[in-house]
2 protein chains.
Amino acid sequence: MSQLEKAIISMVEVFDEYARKDDKKNQLSSAEMAKLMNKELAGPEFNGKVDQKVIDEALEKLDKNHDGETNFREFSMFLATLARGYYRATKTGKGNKSKSAKPE
Amino acid sequence: MSQLEKAIISMVEVFDEYARKDDKKNQLSSAEMAKLMNKELAGPEFNGKVDQKVIDEALEKLDKNHDGETNFREFSMFLATLARGYYRATKTGKGNKSKSAKPE
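These numbers were taken from a predicted model, which means no experiment stands behind them.

Reading the values: rules and limits
- Residues numbered from 1 in each chain as written.
- Chains lettered and ligands numbered in written order.
- Predicted model: local features only at pLDDT ≥ 70, side-chain atom pairs only at ≥ 80, totals over all residues.
- Heavy atoms only, no water.
- Helix = DSSP H or I, 4+ residues; strand = E, 2+ residues; numbered from the N terminus.
- Buried < 20%, exposed > 50% of the residue type's maximum accessible area, 1.4 Å probe, protein only.
- Contact = heavy atoms within 4.5 Å.
- Areas by Shrake-Rupley, 256 points an atom, 1.4 Å probe, with all protein chains shown as cover.
- UniProt positions renumbered as here; feature names shortened; annotations may be inferred.
- Buried area = accessible area lost by both parts, 1.4 Å probe.
- Salt bridge = Lys/Arg side-chain N within 4 Å of Asp/Glu carboxyl O.
- Polar contact = N/O pair within 3.5 Å; in protein donor to acceptor, adjacent residues only side chain to side chain.
- Least-squares fit on C-alpha atoms with pLDDT ≥ 70 in both.
- Expected span 1.5 Å × (residues − 1).
- Core = buried A, V, L, I, M, F, W, Y, C linked by side-chain atoms within 4.5 Å.

Considerations on the overall build of chain A
What chain A contains, in helices and strands, is four helices and two strands. Every one of the 104 residues in chain A was classed for burial, and the buried ones make up 46%. Looking at chain A alone, contacts between residues at least 24 apart form 62% of all its contacts between residues at least 6 apart. Split by element, the accessible area of chain A, about 5,800 Å² in all, is 49% carbon and sulfur.

What follows is the structure, encoded as structure tokens:
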């Protein structure tokens, strides 16, 4: 399997692993989402590189309707946003290194 | 590194690997995109499961402005669409097995 196929399948597997923890097995509750963030997206290779603001804004969008639930559509767009944050960080060298960065 | 972090980083790496093949190193030309599809998204674990219609529609959206170039934002949304196709295929069992499937 290619690296990209693995990536796509991982998106689904990780969502499923956390979403199934409670009764609504096709949605991430806010508690499940918090666990996922904490365990799956807290490493230095990723979290240390992406601007914290990008992550915060992506999380805010996720919870737009305040029902506390994230379906796979919302999750897939959340990951796309994070990927764009990572892309920008690696392309421009602008990451999370300094809190003084001021994006326009 | 977690599975999900690897997935996000792979999205960027694969884009970069193909986009850099010509002068416009931050864009996938249609030729580069075709190569990428052919080499990275043609395996049976992925392509064999996702409804071909989903892939075709995602590709059509990608080339909406007909400039033949795909930037990382567009590519990230393309992958999110494919992930949703894969999610649906695994959840509902509706995949690419039969050409007679009629999604509503």
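Notes on the UniProt feature "domain: EF-hand" (unreviewed entry) in chain A
What UniProt calls "domain: EF-hand" (unreviewed entry) maps, in this numbering, to residues 50–85 of chain A. Along residues 50–85 of chain A one finds 69% helix and 6% strand; the C-alpha atoms at either end are 6 Å apart.

Quick word on the interface of chain B and chain A
Every contact between the two is made by 38 residues of chain B and, on the other side, 38 residues of chain A. Overall, the association of chain B and chain A removes approximately 3,400 Å² of surface from exposure, summing both partners, and the carbon and sulfur fraction of that is 68%. Across the contact surface, chain B and chain A share two salt bridges. With a closest N to O distance of 2.7 Å, Asp16 of chain B and Lys91 of chain A form a salt bridge. For the interface between chain B and chain A, the tally reads 16 residue pairs in polar contact (both at pLDDT 80 or more). Sorting the residues of the side of chain B that touches chain A by element identifies α1 (3–19), α2 (30–40) and α4 (72–92) of chain B as the ones contributing at least two each.

A word on the relation of the copies chain B and chain A
For these two chains of identical sequence, chain B goes onto chain A by a turn of 180 degrees and a shift of 0.0 Å along the axis, with RMSD 0.0 Å. Considering both components of the superposition, the chain copies are consistent with a two-fold axis. Of the C-alpha atoms belonging to chain B, the one lying closest to the rotation axis is found on Ala7 of chain B, 2.0 Å away. Looking at chain B, 100% of its interface residues are interface residues in chain A too, so the copies touch through the same face.

Thoughts on the side chain of Ser29 of chain B
Within the fold, Ser29 of chain B resides in strand β1 (residues 28–29). Leave out the neighbours within four places in its chain, and Ser29 of chain B touches Asp22, Gly68 and Glu69 of chain B.

Brief notes about α1 of chain B
In a regular helix each residue adds 1.5 Å, so 17 residues correspond to 24 Å; α1 of chain B covers 24 Å between its end C-alpha atoms and thus fits that length. When you tally the buried positions in α1 of chain B, you get 13 out of 17 residues, the bulk of the element.

A word on the environment of Leu41 of chain B
For Leu41 of chain B, the location among the structural elements is in the loop between α2 and α3 (52–62). In contact with Leu41 of chain B, other than residues within four places in its own chain, are Leu4, Glu5 and Ile8 of chain A together with Leu36, Phe46, Asn47, Phe78 and Leu82 of chain B.

Observations concerning the environment of Lys39 of chain A
Residue position: Lys39 of chain A is located in helix α2 (residues 30–40). Assessed through its relative accessible area of 66%, Lys39 of chain A is described here as exposed. Sequence-distant contacts of Lys39 of chain A, defined by excluding residues within four places in its chain, comprise Tyr18 of chain A together with Ser2 of chain B.

Points about the nonpolar core
Counting residues in hydrophobic clusters, the biggest one holds 56 residues, and the most contacted among them are Phe75 and Phe78 of chain A together with Phe75 and Phe78 of chain B. For this core, the elements supplying multiple residues, two or more each, are α1 (3–19), α2, α3 (52–62) and α4 (72–92) of chain A together with α1, α2, α3 and α4 of chain B. Excluding residues within four positions of it along the chain, Phe78 of chain B makes contact with Met33, Met37, Leu41, Ala58, Leu59 and Leu62 of chain B.

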